[in-house]
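Topology and contacts: notes
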Amino acid sequence: MPCATRRPAVRSSISGSGRVFVGPRGGPLRRSGFRRIWNKVRVDVGLPDLHFHDMRHVGNTLAATTGASLKELMSRMGHASSRAALIYQHASQDRDKVIAAALGEAFTVARASDKSDKGTPKRSGTQRARKR
């Protein structure tokens, strides 16, 4: 969250300790001071209704759109069942376009291979997929 880096009380530190948010002296945020700091940061960045868990949802949804598998999402989130991880695999218009383009390319390649195989028996789609 780039806006958090502008605040002297809360800094972003993804490298090193691995923590995204650190306290005023670079250490971990303490439970006792977290809510006070979190509420101030939310107001300062113009997102007063943002819940901390919303960031987890956005991060995991973005991971899913990059092509992360269900197992990878489960590992990132610490989920033992696929049911919870499936929530983050929203269908998106951008991914739908990528999938459609890949299918179109596969179809074009398959049609070109059929045209170049004149005189040989036609193979079914299953046979082509299995490369028989």
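Preceding this paragraph is the structure being described.
Residues numbered from 1 in each chain as written. Predicted model: local features only at pLDDT ≥ 70, side-chain atom pairs only at ≥ 80, totals over all residues. Heavy atoms only, no water.

**Thoughts on the overall build of the protein chain**
Looking only at helices and strands, one finds six helices and two strands in the protein chain. Order of helices (α) and strands (β) in the protein chain, N terminus to C terminus: β-β-α-α-α-α-α-α. The buried share of the protein chain, reckoned over its 132 residues, is 17%. As displayed, the protein chain offers around 10100 Å² of accessible surface, 56% of which is attributable to carbon and sulfur atoms. (Helix = DSSP H or I, 4+ residues; strand = E, 2+ residues; numbered from the N terminus. Buried < 20%, exposed > 50% of the residue type's maximum accessible area, 1.4 Å probe, protein only. Areas by Shrake-Rupley, 256 points an atom, 1.4 Å probe, with all protein chains shown as cover.)

**Here's the deal with the layout of surface pockets**
In this structure, the largest pocket spans a volume of roughly 390 Å³. Taken together, Arg19, Val20, Phe21, Pro28, Leu29, Phe34, Phe52, His53, Met55, Arg56, Gly59 and Arg76 make up the full set of residues lining the largest pocket. Sorting elements by how many residues they give to the lining of the largest pocket places helix 2 (residues 52–65) first, with five residues. Here the residues of the lining of the largest pocket are counted per class, giving seven nonpolar, two polar and three charged. Every residue along the wall of the second largest pocket is listed here: Gly23, Pro24, Arg25, Gly27, Pro28, Leu29, Arg30, Gly33, Phe34, Arg36 and Ile37. The residue makeup of the lining of the second largest pocket, split by class, is five nonpolar, three polar and three charged. (1 Å grid on protein atoms, 1.4 Å probe; cavity = no way out; pocket = protein on both sides within 12 Å on 5 of 7 lines; lining within 4 Å. Points joined across faces, edges and corners; volume = space filled by probe spheres on them. Nonpolar A, V, L, I, M, F, W, Y, C, P; charged D, E, K, R; others polar.)

**Quick notes on the pattern of salt bridges**
Tallied over the entire structure, the rule returns one salt bridge. Across the pair Asp44 and Lys40 runs a salt bridge, and its minimum N-O distance is 3.8 Å. Note that Asp44 and Lys40 are positioned in helix 1 (residues 31–44) at a spacing of four residues, about one turn of the helix. (Salt bridge = Lys/Arg side-chain N within 4 Å of Asp/Glu carboxyl O.)

**Comments concerning the packing of helix 2 against helix 3 (residues 70–77)**
Put simply, helix 2 and helix 3 touch, their axes get as near as 10 Å, and they point 155 degrees apart. Of the possible angle classes, the one that applies to helix 2 and helix 3 is roughly antiparallel. For helix 2 against helix 3, the interelement crossing comes out right-handed. Facing Arg56, Gly59, Asn60, Ala63 and Ala64 of helix 2, the residues of helix 3 in contact are Leu73, Arg76 and Met77. Of the residues assigned to the contact of helix 2 with helix 3, the class counts are four nonpolar, two polar and two charged. (Axes fitted to C-alpha atoms, helices over the stretch in contact; angles between N-to-C directions. Parallel < 35°, antiparallel > 145°, perpendicular 65-115°, else oblique. Left-handed = near helix turned anticlockwise from the far one by under 90°. Contact = heavy atoms within 4.5 Å.)

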